[in-house]
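# Chain and residue survey
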Amino acid sequence: MLQTGSVTPGGTYRMAAGKGTAQLVVVPQVQISNPAERRGSNWAHGALVEQEVPGCGYGAFAREPVRAGTTLIVYGGRVLTLEQFEALSIDMQNYPYQVEEELFLGPINESDIGVGERLNHSCQPNAGFSGAIHIVALRDIAAGEQVTIDYASCVSADHDAFAMECSCGSSCCRGTVTAQDWKIPAVQASLLPFFQPYLQRKVQGIEAGRVAQNLDRSSLQLVTTSANSDLVAPGQRGVGAL
């Protein structure tokens, strides 16, 4: 899954997950012809097909209109530790996606690769996660349109672990996609309900930490104010004070 891509019209240049950078190539929307029907270990909606884009790799496309809210993919595969993920060949590291801090879900051999592994990136995607293993349509998807997700919804790692240049053509294109993009407020505002659950928990944890920090500051300010109000400067005590 970790490969470059775009909003329709979409490019689909491939890169290994966490292995340097790649640049997105935007190409005209393609006509669906001779689509692959491979489903791998996943369930995939019958409207989805795997389509090669000449010079750019592969993408997942809708061969018929799909309504918003439709379940597009239910992932199967194998849960991999970080060590097992890194032991995969560079090519196979393209396909698993992150489901926890150091856990990944995906195929471990080429026979398990299907249309679900062909979802490319867009900064303005038309699909997203619903839970850990479901992909749903975020809006109506037209026949012939490429199905995309935002990699910020499932990738979290150190800054240098994953980076790619993006020219997806959307009005909100970030230019560079990294494993820290899940922290961007604008991305959270539009896609947080469609993040992987582990990333939603991270966002909620950060927000809870900010709230707690603000409460601590407020409490300290109240204590300081109260303490200052109890201090009376010399000569300002009331008449009769001893």
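Residues numbered from 1 in each chain as written. Predicted model: local features only at pLDDT ≥ 70, side-chain atom pairs only at ≥ 80, totals over all residues. Heavy atoms only, no water.

## Re the sheet that holds strand E10 (residues 134–137)
- Strand order in this open sheet of four strands is E1-E4-E10-E9, and the pairing throughout is antiparallel. With partners counted over all chains shown, the strands left at the sheet margins are strand E1 (43–44) and strand E9 (127–129), one partner each.
- With three bridges connecting them, E9 and E10 associate as antiparallel partners. Bridge assignment links Phe129 to a residue of E10, and that residue is Ile135. (Pairing = 2+ DSSP bridges. Helix = DSSP H or I, 4+ residues; strand = E, 2+ residues; numbered from the N terminus.)

## Examining the side chain of Gln146
- You can see Gln146 is positioned in the loop between E10 and strand E11 (148–149).
- Note on Gln146: relative accessible area 1%, which makes it buried.
- Side chain to side chain, Gln146 and Asn120 meet in a polar contact 2.6 Å long. (Buried < 20%, exposed > 50% of the residue type's maximum accessible area, 1.4 Å probe, protein only. Polar contact = N/O pair within 3.5 Å; in protein donor to acceptor, adjacent residues only side chain to side chain.)

## Observations regarding the nonpolar core
- Counting 31 residues, the largest nonpolar core has Leu72, Leu119, Ile135, Val147 and Ile149 as the members making the most contacts within it.
- Contributions of two or more residues to this core are made by strand E3 (57–62), strand E4 (71–74), strand E6 (97–100), E9 and E10.
- Ranked by size, the runner-up nonpolar core spans eight residues in total, among them Ala152, Trp182, Val187 and Leu199. (Core = buried A, V, L, I, M, F, W, Y, C linked by side-chain atoms within 4.5 Å.)

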